[in-house]
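Commentary on secondary and tertiary structure
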Amino acid sequence: MNDNRVNRAEDEERRRILALLLAGGAIASVPTAAADDAPVDEGLNNNLLWAVAWKQTAAEYRALCYQAYNLARMRLDDALRQQKTGDRPLAIITDMDNTMLHVGSYWGYLINVNRDFFDDAIWDEWLPNNLVTAVPGSREFFDYCRENEVDVFYVTSRNQGERTYEYALAQLKYLEVPFADEDHLFVFRESSDKTPARDQIAADFDVVVLLGDNLNDYKRDYYVKDIDERLALMERDRADWGTKFILLPNPTDGNWVRAIFGESEPPPTDENRRKLKAAATRLAWDGH
Ligand SMILES: [Mg+2]
């Protein structure tokens, strides 16, 4: 072959590899010691990039967190003003992950090892290392609760085996938030249903607000798989948002994922990538 034909053949090969990469075939593979001339998968088409980049860099993300906690404080001030002698004590209920505890380093790691879906095994390995930070505004709000003798209860659904509770408590202590003790931490290992904790707390306290990043943090009847049914249930309770329920933004995980895939932690398959695309293009312009 002459030089031109060699170049053309090389170009075609490059295009073929690029097309394969763009088709997403290599996204889920973990980098291995490849031959020098093998294409390098930089993970540039990872499905998580936009959501995680937003959470890691956008001033808007942090502002939304402050907005949520400022609103919680306004509600608490209202409740404190209205409180009369003999009333039941006030309390706040908060979820942990993505509500008061920022897990950005986990998602960054996932992207670096070319995973584009939540990975439970990596999560369980990452979690005990306390690589977390406090969600902006959370610690100040919880300190304000303590100053005003308002109890804060942490309610989470997690399962890292026998030491699950110990890990969760260690994270609260690491973040130096008030009420980091066994009386104020509820951990559900076997279920994502947090109703028993809410009921138990409400038996003794007047719960001012619930903080979460997932509809399931507020009511169990939101735990449905259908996208439109979920939307309708949220609309039904529209007066509660910002008054009783304070919501933090989370574009990477939660029960909204379950509504798309039928499960909260879908496996990283092309079938699921197609479902993700179908969800994203649900109301797309047809071009005409
Ligand atoms: Mg959460």
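Residues numbered from 1 in each chain as written. Predicted model: local features only at pLDDT ≥ 70, side-chain atom pairs only at ≥ 80, totals over all residues.

Looking now at the overall build of the chain. Within the chain one finds 11 helices and 7 strands. A separation of at least 24 residues holds for 76% of the contacts in the chain among residues at least 6 apart in sequence. (Helix = DSSP H or I, 4+ residues; strand = E, 2+ residues; numbered from the N terminus. Contact = placed C-beta atoms within 7 Å.)

It is worth spelling out the confidence of the model for the chain at this point. Model confidence for the chain is summarised by a mean pLDDT of 90, while 86% of its residues fall at 70 or above. Scored below 50 in pLDDT, residues 1-6 shows 1 contact in the model against residues more than four places distant or in partner chains. The low-confidence segment residues 20-34 (pLDDT under 50) makes 26 contacts with residues lying over four places distant or belonging to another chain. (pLDDT = per-residue confidence, 0-100.)

At a closest axis distance of 10 Å, the pairing of helix H2 (residues 49-57) and helix H4 (residues 104-112) adopts a crossing angle of 145°. Crossing of H2 over H4 shows left-handed handedness. Here Leu49, Val52, Lys55 and Gln56 of H2 lie close against H4, whose contacting residues are Gly104, Trp107, Gly108 and Ile111. A class-by-class count of the residues in the contact of H2 with H4 yields 4 nonpolar, 3 polar and 1 charged. (Axes fitted to C-alpha atoms, helices over the stretch in contact; angles between N-to-C directions. Left-handed = near helix turned anticlockwise from the far one by under 90°. Nonpolar A, V, L, I, M, F, W, Y, C, P; charged D, E, K, R; others polar.)

Formed by 40 residues in total, the largest nonpolar core has its most connected members in Ala91, Ile92 and Phe153. Listed by contribution, the elements that provide at least two residues to this core are helix H3 (59-82), strand S1 (90-94), H4, helix H6 (138-147), strand S4 (151-157), helix H7 (164-174), strand S6 (206-212) and strand S7 (245-247). If we ignore the near neighbours within four places in the chain, the residues touching Ile92 are Cys145, Val150, Val152, Val208, Val209 and Leu211. (Core = buried A, V, L, I, M, F, W, Y, C linked by C-beta atoms within 7 Å. Buried ≥ 20, exposed ≤ 12 C-beta atoms within 10 Å, placed from the backbone.)

Locating Val187 in the fold gives a position in strand S5 (residues 185-188). Between the alpha carbons of Val187 and Ser157 there is a distance of 5.6 Å; along the sequence they are 30 residues apart. Beyond its immediate chain neighbours, meaning those up to four positions away, Val187 contacts Thr156, Arg158, Thr164, Tyr165 and Ala168.

It is worth spelling out the packing of H3 against H6 at this point. Two measures define how a pair of helices packs: the angle their axes make with one another and the distance between the axes. Where H3 meets H6, the axes come as close as 9 Å, and the angle between the chain directions of the two elements is 15°. When the axis of H3 is compared with that of H6, the two are roughly parallel. Note that H3 runs across H6; the crossing there is left-handed. Between H3, through Tyr69, Ala72, Arg73 and Leu76, and H6, the contact on the second element is made entirely by Ser138, Phe141, Tyr144 and Cys145. Across the contact of H3 with H6, the residue classes tally to 6 nonpolar, 1 polar and 1 charged. (Parallel < 35°, antiparallel > 145°, perpendicular 65-115°, else oblique.)

Most of S6 is tucked away, with 5 of its 7 residues classed as buried. Pairing of S6 with S7, which is carried by 3 bridges, proceeds in the parallel orientation. Each bridged residue has a counterpart across the sheet, and for Leu211 the counterpart in S7 is Ile246. Regarding the hand of the β-α-β motif, the stretch spanning S6, helix H9 (residues 227-236) and S7 is right-handed. (Pairing = 2+ DSSP bridges. Right-handed = clockwise from strand over helix to strand, strands pointing away.)

Within the chain, Asn98 stands out as a residue other than glycine whose phi angle is a positive 70°. With respect to the helices and strands, Asn98 occurs in the loop between S1 and strand S2 (101-102). Using a count of 22 C-beta atoms within 10 Å as the deciding quantity, one classes Asn98 as buried. In this structure, Glu149 takes a positive phi of about 55° despite not being glycine. Looking at where Glu149 falls in the secondary structure, it is placed in the loop between H6 and S4. Residue Glu149 is classed as exposed on the basis of its 9 C-beta neighbours within 10 Å.

On to the sheet that holds S5. Spatially, the 5 strands line up as an open sheet ordered S5-S4-S1-S6-S7, and their pairing is parallel. The open sheet is flanked by S5 and S7, the only strands paired with a single partner. On average, each strand axis in the sheet is tilted by 20° relative to the strand beside it, whichever way the strands run. Strand direction decides the pairing type here: S1 and S6, joined by 4 bridges, are parallel. Across the sheet, Ala91 pairs through a bridge with Val207, a residue of S6. Helix H8 (residues 195-204) contacts S1, S4, S5 and S6 of the sheet and is inclined by roughly 170° relative to S1.

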